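Secondary and tertiary structure notes
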Amino acid sequence: MMGYANMDQTASGVHFRLRARAFVVAEPQGKRVVFVNLDACMASQLVTIKVLERLKARYGDLYTENNIAISGIHTHAGPGGYLQYVVYLVTSLGFVRQSFDALVDGIEQSIIQAHDNLRPGSIYVNKVQALISNPAAERSKYKYDVDKDMTLLKFVDDEWGPVGSFNWFATHGTSMSRTNSLVSGDNKGAAARFMEDWFDQSNGGSISTDISKINKIPRRISSIIPLLKTLSECAWSLLLDTGLPCDFNHSTCGGKNELCYGRGPGYPDEFESTRIIGERQFRKAVELFNAASEQLNGKIDYRHTFVDFSKLNVTIPKEGRGTNVVKTCPAAMGLHLLLGNAFWRLVRNLLKTPGKEQNDVNILNPFCLILPSVLPVQILRIGQLVILSVPGEFTTMAGRRLRDAVKNVLTSGDSKEFGGNVHVVIAGLTNTYSQYVTTFEEYQIQRYEGASTLYGPHTLSGYIQEFKKLAAALISGQSVESGPQPPDLLSKQISLLTPVVMDATPLGVNFGDVSLDVPKNSTFKRGDNVTVVFWSACPRNDLMTEGTFALVEILQGKDSWLPAYDDDDFCLRFIWSRPAKLSTRSHATIQWIIPQTAASGIYRIRHFGAAKSLLGSIKHFTGASSAFVVA
């Protein structure tokens, strides 16, 4: 899985499905922009390249690198192996074509659907505003050391009324831990699902988010669960060996900080932490959605360029007066987490030792790795909303400096484009990935984020410089150079992930047969965990895209079974396992935590899968549990 760089974190099932969600905004016979919110750890340059190739084949020059932004939500519970640079492929044992294709296909289809659904309408914006190593004078400008702003767009069809929303809120989307093995959108994906469920059940109206007031419709209802817990239940970090809270700057265990782990508000249940953090974002989003009244008016426009951050000259203010010209450096980072990996040993001969330049600016990083150097920098404008597409993870203060710098360009001088009213949001992890971006001061500390800022201490200043250029061009109407193109490395990818050889069951047992059933004539109540185990096959045989591995059905009448919940629901978990790594036999465990909103009735649990024979043929199968009652 992608995010924690944990070799042992191998996917084994589904918590809920990953999605690509897109909006297209277009002027009649004018410009248009596309924004894709991707349930993945980050965007990939290679994925972006291939999506653009497909869209060009379908639409010509209507959608290009200039007006499309693909932004990852940063779940660490999604598949790895879809980026093109070696350092991001180590823990997935190289490139995984199946995961890559699923992402490209999903993004393309989401854009096609948005394109086909274009209709006249309006967009409303709403916003709520709620670090230690940075200068005190700068920190004092802000009420909090973390960014508590949430910005939401509400899309309203001229005929149908509200049809959707997107929002931006800066939180690390990782409530699921490094030991989780179920594919999940984590708290960001959960917030999106909760919002969609609420919208479907309220028909876009402004009904309460109190779950008890939502109709108990037995279909696709995520478990938005009881009452929201108090806001004082936040995430915290503890030292695993002592149980004491971690101090941000000094906590160690035996001289190391590896045992300092974050714990969410639902600890020790990471699924509950995901729900709580997702629900908080969902509830605030609904509040903003219902109250949105500021309509976006004005141009749709965009600017995009590629910048080589490995050798960028950056002009920065000199203390006192004047300016200095400094330079970014070729990408570098530490290797200590990557040693001993078979894939890494295969590619290590491609590496080179660092030059004096890397050692001077990135003191903790001993080798120069295969990492990106050419990065996309992009601004999208929709009326008074400006989206800054950045290909990395900005710290709070780094993001504030970038937003302030761009806003100053857009609203200063003789510019009357925005009339002083502009909403600037940062879309991180967009179009490609290049790790962290810290302030100059944070970089000097060389904690995790600083040591993961690839292009040296002036990386942020480089971003600010280039985004200010784009903002100035946006205001003046001037075009910008496209810059050096990033490489397409698809043909050079290596994979050591072994294929599925075959699946098998014991003699006299069929795929889909129940191995562990519910008790006969059993009755369950809401909140109970109903578990059924089936004889199964490797899920890689068929990802069941737009389908499901698990399904809960409710009986209607005497013999009609209707779908109620599937593996895209927060309350239903699909877990695949096998007795040994090389075994051809496997089980699917399906757990249904019955939602408080579930209707009373007779239910059953079904499993869908596909088995591979020794000759390579794929055969689909299904199985069903005994019926049981929910009362």
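Just so we're clear, the structure is a prediction, and the values are computed from it rather than from any experiment.

Rules used in this analysis
Residues numbered from 1 in each chain as written. Predicted model: local features only at pLDDT ≥ 70, side-chain atom pairs only at ≥ 80, totals over all residues. Heavy atoms only, no water. Helix = DSSP H or I, 4+ residues; strand = E, 2+ residues; numbered from the N terminus. Buried < 20%, exposed > 50% of the residue type's maximum accessible area, 1.4 Å probe, protein only. Areas by Shrake-Rupley, 256 points an atom, 1.4 Å probe, with all protein chains shown as cover. Pairing = 2+ DSSP bridges. Salt bridge = Lys/Arg side-chain N within 4 Å of Asp/Glu carboxyl O. Phe/Tyr/Trp six-rings, centres within 6.5 Å; stacked < 30°, edge-to-face > 60°. Lys NZ or Arg CZ within 6 Å of the ring centre and 35° of its normal. UniProt positions renumbered as here; feature names shortened; annotations may be inferred. Contact = heavy atoms within 4.5 Å. Polar contact = N/O pair within 3.5 Å; in protein donor to acceptor, adjacent residues only side chain to side chain. Axes fitted to C-alpha atoms, helices over the stretch in contact; angles between N-to-C directions. Core = buried A, V, L, I, M, F, W, Y, C linked by side-chain atoms within 4.5 Å. Parallel < 35°, antiparallel > 145°, perpendicular 65-115°, else oblique. Left-handed = near helix turned anticlockwise from the far one by under 90°.

Points about the overall build of the protein chain
- A count of helical and extended segments in the protein chain gives eleven helices and 29 strands.
- Out of the 631 residues in the protein chain, the part that is buried amounts to 54%.
- With an accessible surface of roughly 28,500 Å², the protein chain has 53% of that area assigned to carbon and sulfur atoms.

Let's talk about the pairing of strand E28 (residues 618-624)
- With seven bridges connecting them, strand E27 (residues 601-612) and E28 associate as antiparallel partners. From the neighbouring strand, His 607 faces E28, where its bridge partner is Gly 623.
- Between the antiparallel neighbours E27 and E28 lie five residues, among them Gly 616 with a positive phi of about 100 degrees.

Digging into the pattern of salt bridges
- If you walk through the whole model with that rule in mind, you get 33 salt bridges.
- A salt bridge links Lys 50 to Glu 53; its shortest N-O distance comes to 3.4 Å. Within this pair, Lys 50 and its partner Glu 53 are both found in helix H1 (residues 45-59), separated by three residues, close to a single helical turn.
- The exposure class assigned to Lys 50 is buried, which follows from its relative accessible area of 16%.
- Residues Glu 108 and Arg 54 are paired through a salt bridge, measuring 2.8 Å at the closest nitrogen-oxygen approach.

Digging into the packing of aromatic side chains
- The final tally for this structure, using the stated rule, is 25 aromatic pairs.
- When the centroid spacing of 5.5 Å and the interplanar angle of 75 degrees are considered together, the rings of Phe 35 and Trp 168 count as edge-to-face.
- Aromatic ring contacts, followed pair by pair, group Phe 23, Phe 35, Phe 155, Phe 166 and Trp 168 into a single cluster.
- The residue whose ring lies beneath Lys 31 is Tyr 302, and the NZ or CZ to ring-centre distance is 5.4 Å.
- Its end group placed over the ring of Phe 271, Arg 573 keeps NZ or CZ at 3.7 Å from the ring centre.

A closer look at the UniProt feature "binding site: Zn(2+)" (unreviewed entry) in the protein chain
- Using the residue numbers shown here, the UniProt feature "binding site: Zn(2+)" (unreviewed entry) corresponds to His 74, His 172, Glu 393 and Tyr 436.
- By secondary structure assignment, the location of Glu 393 is in strand E17 (residues 393-394).
- Here Glu 393 falls in the buried class, since its relative accessible area comes to 9%.
- Apart from the residues within four sequence positions on either side, Glu 393 is in contact with His 74, His 172, Leu 429, Tyr 433, Gln 435, Tyr 436 and Val 437.
- In this structure the side chain of Glu 393 is engaged in a polar contact, spanning 3.1 Å, whose partner is the side chain of His 74.
- Relative to the helices and strands, Tyr 436 is located in strand E19 (residues 436-437).
- Contact partners of Tyr 436, with chain neighbours within four places excluded, come to His 172, Glu 393, Tyr 448, Glu 449, Ser 452, Thr 453 and Leu 454.
- A distance of 3.2 Å separates a polar atom in the side chain of Tyr 436 from a polar atom in the side chain of Glu 393.

Topic: the sheet that holds strand E7 (residues 161-169)
- Reading across from one edge, E7-E6-E5-E11 is the order of the four strands in this open sheet, with antiparallel pairing throughout. In the strand order of this sheet, the two ends are held by E7 and strand E11 (294-295), each with one partner.
- Lying on the sheet, helix H5 (residues 270-291) is in contact with strand E5 (121-128), strand E6 (150-157) and E7; it crosses E6 at an angle near 50 degrees.

Quick word on the nonpolar core
- Judged by nonpolar contacts, the single largest core of 70 residues is most densely connected at Tyr 82, Tyr 88, Leu 410 and Phe 467.
- Apart from the residues within four sequence positions on either side, Tyr 82 is in contact with Met 2, Ala 40, Cys 41, Met 42, Ser 44, Val 47, Leu 89, Phe 95, Phe 100 and Leu 103.
- Membership of the second largest hydrophobic core comes to 29 residues, among which are Phe 524, Phe 534, Tyr 603 and Phe 628.

Considering the packing of H1 against helix H2 (residues 97-116)
- In contact at an axis separation of 10 Å, H1 and H2 are set at 40 degrees when each is read in the N-to-C sense. The orientation of H1 relative to H2 falls into the category oblique. Along this stretch, H1 crosses H2, giving a crossing that reads as right-handed. Seen from H1, the contacting residues are Leu 46, Val 47, Lys 50, Val 51, Arg 54, Leu 55, Arg 58 and Tyr 59; seen from H2, they are Phe 100, Val 104, Asp 105, Ile 107, Glu 108, Ile 111, Ile 112, His 115 and Asp 116.

Notes on the sheet that holds strand E4 (residues 68-72)
- Pairing is mixed in the open sheet, where three strands are placed in the order E2-E3-E4. Each of the sheet's edge strands pairs with one partner strand only, and the pair in question is strand E2 (20-26) and E4. Each neighbouring strand pair of the sheet contributes to a mean axis angle of 15 degrees, computed without reference to strand direction.
- By the bridge criterion, five bridges tie strand E3 (residues 32-38) to E4 in an arrangement that is parallel. Opposite Val 34, over in E4, you have Ile 68 as the bridge partner.
- Contacting E2, E3 and E4, H2 crosses the sheet at an angle of about 35 degrees to E2.

Looking at the packing of helix H4 (residues 186-202) against H5
- Where H4 meets H5, the closest approach of the two axes is 8 Å, and the angle between their N-to-C directions is 45 degrees. Taken together, the axis directions place H4 and H5 in an arrangement best described as oblique. In the crossing of H4 with H5, the sense of the turn from one axis to the other is right-handed. Counting all contacts with H4, which are made through Asp 186, Asn 187, Lys 188, Ala 190, Ala 191, Phe 194, Met 195, Trp 198 and Phe 199, the residues of H5 involved are Thr 274, Arg 275, Ile 277, Gly 278, Glu 279, Gln 281, Phe 282, Ala 285, Val 286, Phe 289 and Asn 290.

Side note on unusual backbone geometry
- The peptide bond linking Tyr 267 to Pro 268 adopts the cis configuration, its omega dihedral lying at 10 degrees.
- Structurally, Pro 268 is set in the loop between strand E10 (260-263) and H5.
- Look at Asn 521: it is not a glycine, yet its phi comes out positive at around 55 degrees.
- Taking the relative accessible area as the measure of exposure, Asn 521 reaches 69% and is therefore exposed.
- A positive phi angle, near 55 degrees, is found at Met 544, a position not held by glycine.
- Tracing the chain through its elements places Met 544 in the loop between strand E22 (529-536) and strand E23 (550-556).
- With relative accessibility at 12%, the residue Met 544 sits in the buried group.

Some thoughts on the environment of Gln 485
- Mapping Gln 485 onto the fold places it in the loop between helix H11 (459-476) and strand E20 (514-516).
- The class of Gln 485 is partly exposed, set by a relative accessible area of 48%.
- Between the C-alpha atoms of Gln 485 and Pro 376, which are 109 residues apart in sequence, the distance is 9.1 Å.
- Excluding its chain neighbours within four sequence positions, the residues that come into contact with Gln 485 are Glu 65, Phe 306 and Val 374.

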